[in-house]
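These are the residues of each chain, in order.
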Amino acid sequence: MAGAMKGLRKRLRTWRQSKRLLDEEVFYAGRFDSQGLAIPDEAAIRSVLRARFPQLAARTKGQLRILAVYHHYNWEDESLRPSLEKFGAVTCYDWGERFDRTSRSWIPTVRDSMNRDLLARVGEWTAEAPFDVCFCYLSGEQITPAALERMRSYGFPLVNLSLNDKEHFVGKVRGGRAFGMRDICRYFDLCWTSTEDALKKYCVEGAMPLYLPEGANPEVHRPYDVERSIDVAFVGQCYGNRPEVIRKLQEKGIRAEAFGFGWPNGALATDEMVKMYSRSRINLGFGGVAGHDDTFCLKGRDFEIPMSGGLYVTESCPELEKFFRPGEEVVTYGDFDDLVEKIRHLLSHPEEAERIRKAGFERARSEHTWEMRFEKVFKLMGVLEEQLQQ
């Protein structure tokens, strides 16, 4: 009885969450059309930003002075910061070093204290020398519109990275304020989103959006010369349908193992995680959004696993097909039976698996590094010189 009730509550919660997302999409699509808006192309982005910052002088790569505002949760310092440092000197503000982000009083008091501290520190730094650009990885949960308005007064352009706007563009709402991007996006000069269908939402809210996915750092995500001793591995948190899929694979006789928070094997340090991609014949991915049926978004592992030299098998996602060729550079699956069939095929055809693995690695290294992402963003913003073609 208790199990049945739990299942019923889960289905009800999934239905409510799916309905909320659908209502949100319908609302923004209607506003987008009724206001006659258009998603800006790169030429429009360049034009608007040039007009907004006529005093900016583009610098050569390595000469930028960059302010970075983000918290290192578990990947940021290893992927974002080294890539930013390719472009110049980076001054980083990580609020986790001075404020408890897990505090129950975060919203009523701690966040405002953090925002005041951020503004004071930026004021001190800019008094020493002006920044060329500010890169942020923030949401409405961490910063207020008032603080961002003050940040804009320092005169350098602000770009913000937002991942999973599929689910969190609005997100939780407390006291009328959204935890996602809805209430703060208009204060950034460029909003970099990894979610294509969020572009209309940004436009409706008066922001300048750019669709660009995650990347990976090849200095961290690289192949290791180790024995492939595991047939199927998944590295990531234990939630949603993931435990059921792993269990059912094992019941089918497939040697599947999972690592990360919530799994019996526990979490892996970054270097061990990357080695796991090389140790595994197949690296499993889940592209779904937690608590939602048939809703998918790009994940960091979509780029990290191929760049690490791992053979990647993940759920079918239309956005992923823009960046990798399914069946040639990665493998995608529909339902569970399709997953089982493709795993068994790849394990029994190692030469084909190796061709796909190598092709995915080459595509990731040549097109999907964080450095390439930042280069595109900074050139669009007019702070980085365009390199002359030889």
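Below, the structure is looked at part by part. (Residues numbered from 1 in each chain as written. Predicted model: local features only at pLDDT ≥ 70, side-chain atom pairs only at ≥ 80, totals over all residues. Heavy atoms only, no water.)

**A few points about the environment of Arg-104**
Within the fold, Arg-104 resides in the loop between β2 (88-93) and α4 (106-128). For Arg-104, a relative accessible area of 88% corresponds to the exposed category. The spatial distance from the C-alpha of Arg-104 to the C-alpha of Asp-197 is 33 Å, given a sequence separation of 93 residues. (Helix = DSSP H or I, 4+ residues; strand = E, 2+ residues; numbered from the N terminus. Buried < 20%, exposed > 50% of the residue type's maximum accessible area, 1.4 Å probe, protein only.)

**Considerations on helix α3 (residues 76-84)**
Within α3 the residues assigned to the buried category are Glu-76, Ser-79, Leu-80, Ser-83 and Leu-84. Down the axis of α3, the sector holding all buried residues measures 105°, keeping them to one side. On its buried face, α3 is in contact with β1 (64-69), β2, β3 (133-136), β4 (158-162) and α13 (370-381). (Arc of directions from axis to C-beta. Contact = heavy atoms within 4.5 Å.)

**Some details on the side chain of Ser-162**
Along the chain, the position of Ser-162 falls in strand β4. Classification of Ser-162 by relative accessible area gives buried; the value is 6%. A distance of 2.8 Å separates polar atoms of two side chains, one belonging to Ser-162 and the other to Asp-165. Residue contacts for Ser-162: discarding those within four places in its chain leaves Met-181, Trp-192, Thr-193, Ser-194 and Tyr-202. (Polar contact = N/O pair within 3.5 Å; in protein donor to acceptor, adjacent residues only side chain to side chain.)

**As for the sheet that holds strand β10 (residues 256-259)**
Spatially, 5 strands are ordered β10-β9-β11-β12-β13 in an open sheet, and the strand pairing comes out parallel. The outermost strands of the open sheet, each flanked by one partner alone, are β10 and β13 (331-333). When the angles between neighbouring strand axes are averaged without regard to direction, this sheet yields 30°. Contacts from helix α8 (residues 242-251) reach β9 (230-235), β10 and β11 (280-284) within the one sheet, and its direction differs from that of β10 by about 155°. (Pairing = 2+ DSSP bridges. Axes fitted to C-alpha atoms, helices over the stretch in contact; angles between N-to-C directions.)

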